[in-house]
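Residue-level structure breakdown
Listed below are the residues making up each chain.
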Amino acid sequence: MNKQLNQAFENLLQKRNSLLDLAKSLPEEKINHRVNPNQWSVLEILNHLYTAEKLSLQYIKKKSQGIDSLGNAGVKHALMMLVLKISQRLPIRYKAPTTVLQNTVDVLTLSDLIAQWDLLYLELKSILVNTPEKHVHKLVYKHVVAGRLSLVQAIIFFREHMIHHTPHIVKQVKS
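Notes on the structure in this doc start here. (Residues numbered from 1 in each chain as written. Predicted model: local features only at pLDDT ≥ 70, side-chain atom pairs only at ≥ 80, totals over all residues. Heavy atoms only, no water.)

1. Thoughts on the packing of aromatic side chains
Inclusion rule: Each Phe, Tyr or Trp ring (for Trp, its six-membered ring) is paired with any other whose centre lies within 6.5 Å, and the angle between the two planes then decides the class: stacked below 30 degrees, edge-to-face above 60, tilted in between. Helix numbering and strand numbering both begin at the N terminus, where a helix is a DSSP run of H or I of at least 4 residues and a strand a DSSP run of E of at least 2. Note on exposure labels: buried denotes an accessible area under 20% of the residue type's maximum, exposed denotes more than 50%, and partly exposed covers the range between, all computed with a 1.4 Å probe on protein chains only. Only when the NZ of Lys or the CZ of Arg is both within 6 Å of the ring centre and within 35 degrees of the ring normal is a charge said to sit over the ring.
Per the stated rule, a full pass over the model turns up five aromatic pairs. Relative to Tyr 121, the ring of Trp 117 has its centre 6.2 Å away and its plane inclined at 80°; by these criteria the two rings are edge-to-face. Of the two residues, Trp 117 and Tyr 121 both sit in helix α6 (residues 110-129), four residues apart, roughly one turn of that helix. A residue is classified by how much of its surface remains accessible, and Tyr 121, at 4% relative accessible area, is buried. Between Tyr 141 and Phe 158 the ring centres are 5.9 Å apart and the planes differ by 90°, which places this aromatic pair in the edge-to-face class. Here Tyr 141, found in strand β1 (residues 141-143), pairs with Phe 158, found in helix α7 (residues 151-174); they are 17 residues apart in sequence, far enough to count as distant. Look at Tyr 141 and you get buried, because its relative accessible area is 5%. Grouped by ring-pair contacts, the aromatic residues Phe 9, Tyr 50, Trp 117 and Tyr 121 constitute a single cluster. Directly above the aromatic system of Tyr 121 lies the positively charged group of Arg 16, at a separation of 4.7 Å from the ring centroid.

Written out as structure tokens, the structure reads:
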């Protein structure tokens, strides 16, 4: 696997596992509890993260079919990635994209979600391992606001998305 892809994936996996460890330490009623009706529970937040990644992976697989015709990420994309990272670190709530909301399926238990997410990460890792070096920086991902990004940038965004939602999970845990 490309060194940048490997590092991005390892960082993503570490962040996801720390969030799941936090969730697993909670009693089930706390995982499903909403601090207020307008905020998601811990399980709903984790399900949102999983769904966003699942849909993103579907898009990446589709775009990868014609990967040779795609451009490479450049300075513009690096700047957009920086803006995206900053936006995910700010304590601002954003409305989830309609596509993610429409495709979010209720998960019954945390263990079900973990099992589905583990399968998704096996598929993601397979894609990353099999991505030729010349395709690592191809614009295979499209963020709803930042636009087209490379595979490396997509994986970095997945982690940033988790970082964005971590305070919400911690708030739920402390309530």
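2. What about the nonpolar core?
What tends to happen in soluble globular proteins is that the nonpolar side chains get buried as a cluster. Spelled out, the test is: Each nonpolar core is a collection of buried residues, namely Ala, Val, Leu, Ile, Met, Phe, Trp, Tyr and Cys, held together in the definition by side-chain atoms within 4.5 Å. The contact criterion used throughout is that any non-hydrogen atoms of two residues lie within 4.5 Å.
Counting residues in hydrophobic clusters, the biggest one holds 43 residues, and the most contacted among them are Leu 12, Leu 46, Leu 110 and Trp 117. Contributing elements (two or more residues each) for this core: α1 (3-24), α3 (42-64), α4 (75-89), α6 and α7. In contact with Leu 12, other than residues within four places in its own chain, are Glu 53, Tyr 121, Leu 124, Ile 155, Phe 158, Arg 159 and Met 162.

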